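Spelled out from the first residue to the last, the chains are:
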Amino acid sequence: MYCTHAESSRHYGRHWHAVYGLGLLDDGAQSSASGRGPVDAYAGDLITTNPGEVHDGQPLGSASRRWRMVYLEPAALQALADNEAPGAGADIALTRPVIQDPALARALHTLITRVFQWNALQEQLVHAPPSADAVDRLACEESLALTSALLLERHASTAAPPTSRATAAAEVVQQVRDWLADAPLAPPSLAQMAALAGLGRYQLLRRFAEAYGLPPHAWLLQQRAERSRHLIRRGASLADAAAASGFADQSHMTRMFARQFGFTPGAWQKAHRRPGAQ
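Residues numbered from 1 in each chain as written. Predicted model: local features only at pLDDT ≥ 70, side-chain atom pairs only at ≥ 80, totals over all residues. Heavy atoms only, no water.

**Considerations on the overall build of the chain**
What counts here: Counting from the N terminus, the helices are DSSP H or I runs at least four residues long and the strands are E runs at least two residues long. When a residue's accessible area, from a 1.4 Å probe over protein chains only, is under 20% of the maximum for its type it is buried; when over 50% it is exposed; and in between it is partly exposed. Residue contacts are counted whenever heavy atoms from the two residues lie within 4.5 Å of one another. Per-residue and other accessible areas were derived by the Shrake-Rupley procedure at a 1.4 Å probe size, with only the shown protein chains allowed to occlude residues.
What the chain contains, in helices and strands, is 10 helices and 9 strands. Looking at the chain residue by residue over its 278 residues, the buried ones come to 44%. Excluding contacts between residues fewer than 6 apart, the proportion of contacts in the chain whose partners are at least 24 apart in sequence is 73%. For the chain, the exposed area adds up to about 13400 Å²; of that, 52% sits on carbon and sulfur atoms.

**Description of the nonpolar core**
Just so we agree on the cut-off: Buried Ala, Val, Leu, Ile, Met, Phe, Trp, Tyr and Cys residues that are joined via side-chain atoms within 4.5 Å together make up what is termed a nonpolar core.
Counting residues in each nonpolar core, the largest one holds 24 residues, and the members touching the most others are Leu46, Val70, Ile92 and Leu108. Breaking this core down by element, the ones donating at least two residues are β3 (20–27), β8 (65–72), α1 (74–84), α2 (102–122) and α3 (130–155). Here this core takes 7 residues from α2, the largest share from any one element. Not counting residues within four places of it along the chain, the set of residues in contact with Ile92 comprises Tyr20, Asn50, Leu77, Gln78, Ala81, Leu152, Ala156, Ser157 and Thr158. Leu138, Met193, Leu204 and Leu220 belong to the second largest nonpolar core, which has 17 residues in total.

**Some thoughts on the packing of helix α4 (residues 170–182) against helix α7 (residues 216–233)**
This is how it is decided: Only the contacting stretch of a helix is used when fitting its axis, a line to C-alpha atoms as for every element, and angles between N-to-C directions run 0 to 180 degrees. Should an angle fall under 35 degrees it is taken as roughly parallel, and over 145 as roughly antiparallel, whereas 65 to 115 is taken as roughly perpendicular and any remaining angle as oblique. Handedness of a crossing follows from how the near helix is turned relative to the far one, being left-handed for an anticlockwise turn of less than a right angle and right-handed for a clockwise one. Here the nonpolar group is Ala, Val, Leu, Ile, Met, Phe, Trp, Tyr, Cys and Pro; Asp, Glu, Lys and Arg are the charged ones; every other residue, Gly included, is treated as polar.
α7 packs onto α4 with a crossing angle of 45° between their chain directions and a minimal axis gap of 10 Å. By the angle between their directions, the pair α4 and α7 is classed as oblique. As α4 runs across α7, the sense of the crossing is right-handed. Facing Arg177, Leu180 and Ala181 of α4, the residues of α7 in contact are Pro216, Trp219, Leu220 and Gln223. Residue composition of the contact of α4 with α7, grouped by class: 5 nonpolar, 1 polar and 1 charged.

**Some details on helix α6 (residues 201–212)**
Because each turn of an α-helix spans 3.6 residues, side chains separated by three or four positions in sequence point in the same direction. So the rule is basically this: Every helix has an expected span of 1.5 Å times one less than the residues it contains.
Here α6 is 12 residues long and its end C-alpha atoms lie 16 Å apart, about the 16 Å a rise of 1.5 Å per residue gives. Among the residues making up α6, those that are buried are Tyr202, Gln203, Leu204, Leu205, Arg207 and Phe208. Taken from the residues just after α6, Gly213 is the one with a positive phi, measuring 80°.

**Re the packing of aromatic side chains**
Quick note on the threshold: Between the rings of Phe, Tyr and Trp (Trp by its six-membered ring), a pair exists once the centres lie within 6.5 Å; its type follows the angle of the planes, with under 30 degrees stacked, over 60 edge-to-face, and the other angles tilted.
According to the stated counting rule, one finds 8 aromatic pairs in the structure shown. With a centroid separation of 6.1 Å and 80° between ring planes, the pair formed by Phe208 and Trp219 is classed as edge-to-face. In this pair, Phe208 is assigned in helix α6 and Trp219 in helix α7, connecting sequence segments 11 residues apart. Like Phe208, the residue Trp219 is buried in the burial classification. Ring centres of Phe263 and Trp268 lie 5.7 Å apart, and the angle between their planes is 20°; on these two criteria the pair is classed as stacked. With a relative accessible area of 13%, Trp268 lands in the buried category. Here the aromatic residues Phe257, Phe261, Phe263 and Trp268 are joined through ring pairs into a cluster of three or more.

**Side note on the environment of Val39**
Secondary-structure assignment places Val39 in strand β5 (residues 39–42). Given the relative accessible area of 16%, Val39 is considered buried. C-alpha separation for the pair Val39 and Val98, spaced 59 residues apart in sequence, amounts to 7.3 Å.

**Re the pairing of β8**
Which entries qualify depends on this criterion: For two strands to be treated as a pair, DSSP must find no fewer than two bridges joining them.
Buried residues dominate β8, accounting for 7 of its 8 residues. Two elements, strand β1 (residues 2–8) and β8, share 7 bridges in a ladder whose sense is antiparallel. Bridging from a neighbouring strand, Ser8 pairs with Arg65 of β8.

**Description of the packing of helix α5 (residues 190–197) against α6**
Two numbers describe how α5 lies on α6: the axes approach to 9 Å, and their chain directions differ by 80°. It follows that α5 is roughly perpendicular to α6 by the angle criterion. Residue-level inspection shows Leu190, Ala191, Met193, Ala194 and Ala197 of α5 in contact with α6, the latter providing Arg201, Leu204 and Leu205. Residue composition of the contact of α5 with α6, by class: 7 nonpolar, no polar and 1 charged.

**Some remarks on the sheet that holds β8**
What the 5 strands build is an open sheet, ordered β1-β8-β3-β6-β9; its pairing is antiparallel. Strands at the two margins of the open sheet, each flanked by one partner only, are β1 and β9 (98–99). Of the strands in this sheet, β1, β3, β6 (46–49) and β8 are in contact with α2, which crosses β8 at around 80°.

Purely geometric stuff here, so don't read any function into it on its own.
This is how it looks when you write it as structure tokens:
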């Protein structure tokens, strides 16, 4: 998978890609050829291409347009489909070149945002703990699974049908949660958690959220905030609490802590340093 972010007035000639494309038109509009004839897309619309599908693109009604794209290897999208329903990934075709789907647009926006954040982190890894990379990777994996599942279920000729597996019992999902809780500094990948539960990646996200109200990545961030709260209460410095809880730095801990608890780690520390503090 890779992402692009472009703003251009260029008229792209007819061409094709060997991968699936899913994009979000952020600003402006464009007219293009597609495998289903000429189409127009406007700000907020999703645009898609299938592998080998010839298309072009030019601005419509303005000097330029701005868009973001995610490109998926056919084998990767098929693997995501097969995780939900074995055999369903064969000959996947995205059914429309322009889509209006707010839920999918939000999921794609989150995926692209997380990928760009992860890329930015790679440039700073010399100054960040290894756990920072693992957590951001998990966030990207979750978003990719969710975005792909929505795309396959709603806008593909071979959607991943619902399935029920005996190994999706509540105690199995609890094992995944316990694994996350026991490894706050180096969380398992989404694929590893799905393998433990015997579920597809999207199925795991759905079952985990049903059980605990949040997907694994968000649950882990809140678990880290809880861990830092306990460490600070036991006398750890803010910097030590941030490092021991898996945050990239103290400022990351402060933002998550305040969002979750409504007060800063410093205020929490100060309260427990007072004589007789409870």
